Amino acid sequence: MTPTISVRDLTKTYSIGGVDKSGHAGDMEVHALRGVSLDVEPGEFVSLTGPSGSGKSTFMHLLGCLDRPTSGRYLLNGLDVLAMPKRALSKLRNTEIGFVFQGFNLLPRTSALENVELPLLYAGTVNAKERRERAVEALRSVGLGERLGHHPNQLSGGQQQRVAIARALVNNPRLLLADEPTGNLDTKTSIEVMGIFQRLNIERGLTIVLVTHEPDIAEYGTRIVAFRDGSVRSDEAVQARRKVA
């Protein structure tokens, strides 16, 4: 079976202004990733952990085609992402990948339903009737079928994150990327949100890659990949997976 994600020797180096050891001004190189290689199989739920600056969020951005690596190879569902032209890459990002972020990123003056419709609107291939039907279905799947017309300021933090998850699902992606999705939520709401991710993984077989600082949140997945100093320091299956009752 073709891996959903296959990366080999992935590096990312940033050049920033600074002062070298001799006290001279010049560009300094920051090695955010140092030759990362791993595969993610269809249906896996992989948690990326590590301290701030370890490279896990940089790696997530590369997986989401939001940035390009300095070197290495990245295959998404067997496609060589780095060889794709910009338009094809944009289409791939919109149709194959769903994104969930810590900050929700909802349009404030737009209803939950309209927020979820946005990826379909950008795609430009779905008519208004189907857009609404798919958005309603996505919101119902995260328990917000009664909140379709509510604006973000009328929703709790947990409900806003559910809208963001529904928006990520509306294009039926094969890969869901979640960057600190529980970072702005209390413990009870975090568990509820992780329950949604876990249900999507178990019942739909959706492949999920999630970044978190929290060890207990990581254990809702099936595998934990720990980053440190831009490298993978451990990659282990979760022996006792947390389950939401």
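(A) Geometry of the nonpolar core. Core analysis: the largest hydrophobic core is formed by 37 residues, its most contacted members being Val116, Leu139, Val163, Ile165, Leu176, Phe197 and Leu210. Within the residue set of this core, elements represented by two or more residues are helix 3 (112-123), helix 4 (128-141), helix 5 (157-169), strand 7 (175-179), helix 6 (187-204) and strand 8 (207-211). The biggest single contributor to this core is helix 5, with six residues. When residues no more than four places from it in sequence are discounted, the contact partners of Leu176 are Gly98, Phe99, Val100, Ala168, Phe197, Leu200, Leu206, Thr207, Ile208 and Val209. Within the second largest apolar cluster, 28 residues are counted, among which are Val7, Met84, Ile97 and Leu177.

(B) Summary view of the packing of aromatic side chains. Scanning all chains against the criterion turns up two aromatic pairs. Between Phe59 and Phe227, the ring centres sit 5.4 Å apart and the planes meet at 40°, which makes this aromatic pair tilted. Taken as a pair, Phe59 in helix 1 (residues 56-63) and Phe227 in strand 9 (residues 223-228) lie far apart in primary sequence, 168 residues in all. Residue classification places Phe227 among the buried residues on the basis of a relative accessible area of 2%. Each ring, one from Phe99 and one from Phe101, has its centre 6.0 Å from the other, and the planes form 5°; the classification is stacked. Relative accessible area serves as the criterion here: at 18%, Phe99 is assigned to the buried category. What makes Phe101 partly exposed here is its relative accessible area of 25%.

(C) View of the layout of surface pockets. Roughly 450 Å³ of internal volume is contained in the largest pocket. What lines the largest pocket is a set of 17 residues, among which Asn94, Phe99, Pro119, Tyr122 and Arg167 lie closest to the centre. Among the secondary structure elements, those contributing two or more residues to the lining of the largest pocket are helix 2 (86-96), strand 6 (97-101), helix 3 and helix 5. For the lining of the largest pocket, the element with the highest residue contribution is strand 6, accounting for four residues.

(D) Layout of the pattern of salt bridges. Applying the stated rule across the entire model yields ten salt bridges. When the shortest N-O distance is used, the salt bridge between Glu192 and Arg162 registers 3.7 Å. On the criterion of sequence distance, the pair formed by Glu192 in helix 6 and Arg162 in helix 5 is long-range, its members being 30 residues apart. Residue class for Arg162 comes out buried when judged on its relative accessible area of 19%. Between Asp235 and Arg223 there is a salt bridge; the shortest N-O distance is 2.8 Å.

Reading the values: the criteria
- Residues numbered from 1 in each chain as written.
- Predicted model: local features only at pLDDT ≥ 70, side-chain atom pairs only at ≥ 80, totals over all residues.
- Heavy atoms only, no water.
- Core = buried A, V, L, I, M, F, W, Y, C linked by side-chain atoms within 4.5 Å.
- Buried < 20%, exposed > 50% of the residue type's maximum accessible area, 1.4 Å probe, protein only.
- Helix = DSSP H or I, 4+ residues; strand = E, 2+ residues; numbered from the N terminus.
- Contact = heavy atoms within 4.5 Å.
- Phe/Tyr/Trp six-rings, centres within 6.5 Å; stacked < 30°, edge-to-face > 60°.
- 1 Å grid on protein atoms, 1.4 Å probe; cavity = no way out; pocket = protein on both sides within 12 Å on 5 of 7 lines; lining within 4 Å.
- Points joined across faces, edges and corners; volume = space filled by probe spheres on them.
- Salt bridge = Lys/Arg side-chain N within 4 Å of Asp/Glu carboxyl O.

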